[in-house]
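# Reading the structure
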Amino acid sequence: MSNTPMAASPLTRAVLEIDEYASGLGWDQPARLFALVDTARLRTQEPALAAQLGLENEQESTGLTPIEQDEIPAGKPLDEFLGTIAWPDAVAGCALTVERLMLPPSAEAQVPEGLNEKKLARWVAEHPDRQEVRMTVAVLRDGTRESALRLRDKDTPTEVLTGGDLVPGLAEALTATFED
């Protein structure tokens, strides 16, 4: 397993495990979607898959196992793609890791008026105070949320910020994948 703190909740541990996995792949990666399944249930109901994932000897009985899904289609807006997702009952939650550019709040007053989405993206990409960030956001069916943010400039496990409300829009979009 990873360097995640054992005292953390199962959802926080899953988010940090996904963040660590994404970090190992390096930067400039596509978005990645994960199903979160109950580890104990997985070992009981799918022992072959649990063995393939190296979970057969894990002692922990309360945990979540992230399972990476097929690649997100290139060129399709993320919100449109998430609108096509439906999860089977065995999936307890889901997570997404995605890289974005962000600006500090002080830059909001500098945004030129009337920019379309493409021109705004270019303006942000050229802004001297921009930061590259990897966001990992996870939700459970019951609405519980967790996020991890990692700045490219501070790319170490000790510099990962966690919290349930760090990326509320993405958390809401992921929660919607569980609605009927």
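### Overview of the pairing of strand β1 (residues 32–38)
With six of seven residues buried, β1 lies mostly within the body of the structure. For β1 and strand β2 (residues 64–68), the ladder comprises five bridges, and the chain directions are antiparallel. In the strand pairing of β2, Val37 is matched with Thr65.

### Remarks on the sheet that holds strand β5 (residues 145–151)
Spatially, the six strands line up as an open sheet ordered β2-β1-β3-β4-β5-β6, and their pairing is antiparallel. The sheet terminates laterally at β2 and β6 (161–163), the two strands that pair on one side only. Looking at each pair of strands side by side, their axes are set apart by 20° on average, direction ignored. As paired elements, strand β3 (residues 91–102) and strand β4 (residues 131–140) share ten bridges and run antiparallel to each other.

### Here we look at helix α6 (residues 168–176)
Along α6, the residues that are buried comprise Leu170, Ala171 and Leu174. The buried residues of α6 occupy an angular sector of 100° when the element is viewed end-on, so they sit on one face. Turning to α6, the residues buried within the fold contact β1, α4 (78–82), β3, β4 and β5.

### Let's talk about the nonpolar core
Counting residues in hydrophobic clusters, the biggest one holds 25 residues, and the most contacted among them are Leu33, Ile72, Leu82, Trp87, Leu96, Leu170 and Leu174. For this core, the secondary structure elements donating two or more residues are β1, α4, β3, β4 and α6. Each residue touching Ile72, except ones within four places of it in the same chain, is listed here: Ala31, Arg32, Leu33, Leu78, Phe81 and Leu96. Listed in part, the 13 residues of the second largest apolar core include Val15, Ile18, Leu64 and Ala148.

### Points about the pattern of salt bridges
Here the structure, examined in full by the defined rule, presents six salt bridges. One salt bridge in this structure joins Glu68 and Arg32, with 2.9 Å as the shortest N-O distance. Placement of the pair is Glu68 in strand β2 and Arg32 in strand β1, with a sequence separation of 36 residues. Residue Asp155 pairs with Arg150 through a salt bridge whose shortest N-O separation is 2.8 Å.

### Notes on the packing of aromatic side chains
Applying the stated criterion to the full structure yields two aromatic pairs. Plain terms: the ring middles of Tyr21 and Phe34 are 6.1 Å apart, the flat faces sit at 90° to each other, and that makes the pair edge-to-face. Taken as a pair, Tyr21 in helix α1 (residues 10–25) and Phe34 in strand β1 lie far apart in primary sequence, 13 residues in all. In this structure Phe34 comes out as buried when scored by relative accessible area, which is 4%. Directly above the aromatic system of Trp27 lies the positively charged group of Arg134, at a separation of 4.1 Å from the ring centroid.

What counts, and at which threshold
- Residues numbered from 1 in each chain as written.
- Predicted model: local features only at pLDDT ≥ 70, side-chain atom pairs only at ≥ 80, totals over all residues.
- Heavy atoms only, no water.
- Buried < 20%, exposed > 50% of the residue type's maximum accessible area, 1.4 Å probe, protein only.
- Helix = DSSP H or I, 4+ residues; strand = E, 2+ residues; numbered from the N terminus.
- Pairing = 2+ DSSP bridges.
- Axes fitted to C-alpha atoms, helices over the stretch in contact; angles between N-to-C directions.
- Arc of directions from axis to C-beta.
- Contact = heavy atoms within 4.5 Å.
- Core = buried A, V, L, I, M, F, W, Y, C linked by side-chain atoms within 4.5 Å.
- Salt bridge = Lys/Arg side-chain N within 4 Å of Asp/Glu carboxyl O.
- Phe/Tyr/Trp six-rings, centres within 6.5 Å; stacked < 30°, edge-to-face > 60°.
- Lys NZ or Arg CZ within 6 Å of the ring centre and 35° of its normal.

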